Amino acid sequence: VQLQASGGGLVQAGRSLRLSCAASGRTLSRYSVAWFRQAPGKEREFVAAIRYSGGYTYYGDSVKGRATISRDNAESTVYLQMNSLKPEDTAVYYCAAGTPILSSLRLKAGYPSWGQGTQVTVSS
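The structure reproduced in this document is the subject of the present report.

Calculation notes
Residues numbered from 1 in each chain as written. Predicted model: local features only at pLDDT ≥ 70, side-chain atom pairs only at ≥ 80, totals over all residues. Heavy atoms only, no water. Helix = DSSP H or I, 4+ residues; strand = E, 2+ residues; numbered from the N terminus. Rg over C-alpha atoms; globule rule 2.2 N^0.38 Å. Buried < 20%, exposed > 50% of the residue type's maximum accessible area, 1.4 Å probe, protein only. Contact = heavy atoms within 4.5 Å. Disulfide = S-S within 2.5 Å. Polar contact = N/O pair within 3.5 Å; in protein donor to acceptor, adjacent residues only side chain to side chain.

**Things to note about the overall build of the chain**
Next up, step 1: Counting secondary structure elements, the chain contains zero helices and 11 strands.
Next up, step 2: In the chain, the succession of α and β elements from N to C terminus is β-β-β-β-β-β-β-β-β-β-β.
Next up, step 3: In terms of C-alpha radius of gyration, the chain reaches 13 Å, essentially the compact-globule figure of 14 Å for 124 residues.
Next up, step 4: Each principal axis of the C-alpha atoms in the chain carries an extent, and together these give about 40 × 30 × 25 Å.
Next up, step 5: In the chain, which comprises 124 residues, the proportion classed as buried is 45%.
Next up, step 6: Long-range pairs, those at least 24 residues apart, make up 58% of the contacts in the chain between residues at least 6 apart in sequence.

What follows is the structure, encoded as structure tokens:
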């Protein structure tokens, strides 16, 4: 499945952004989808995931309470709503799709398909 991430930009601290991950080639309904982010000089970090079945959601500690992941299977799109943005949220955000087992939901290795990334910059 091919993924296209969008919605990034430059925002002030405290504001919100909604990122989108659109699929082409195949529907996203059969995949779990995750968002990861990578800041300069840092490892790619798990942000959030939504399972293909049941819509269960999972969040990284750094965004818990500020982020909401959701999916629109009819549109083959997954969204990441980020609120109360902080300068430390600045990173390239990637969406990824796969069928990881539960214990691998937060791991990059659980997702074979990746989008190209969208830059989020939060100014103080």
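There's more to say after this.
**Describing the state of the cysteines**
Note on terminology: disulfide describes a covalent bond linking the sulfur atoms of two cysteines.
Next up, step 1: Inspection of the entire model under this criterion finds one disulfide.
Next up, step 2: In this model Cys-21 forms its disulfide with Cys-95; the gap between the sulfur atoms is 2.2 Å. One disulfide, between Cys-21 and Cys-95, carries an S-S torsion of 75° and so falls in the right-handed class. Of this pair, Cys-21 sits in strand 3 (residues 17-24) while Cys-95 sits in strand 9 (residues 91-98), and the two are 74 residues apart along the sequence.
Next up, step 3: We classify Cys-95 as buried; its relative accessible area is 0%.

**Notes on the environment of Tyr-59**
Next up, step 1: Among the structural elements, Tyr-59 can be located in strand 6 (residues 57-59).
Next up, step 2: The class of Tyr-59 is buried, set by a relative accessible area of 16%.
Next up, step 3: Separated by 25 residues in the primary sequence, Tyr-59 and Ala-34 place their C-alpha atoms 9.4 Å from one another.
Next up, step 4: Reaching out from Tyr-59, the side chain makes a polar contact with the backbone nitrogen of Ile-69 at a distance of 2.9 Å.

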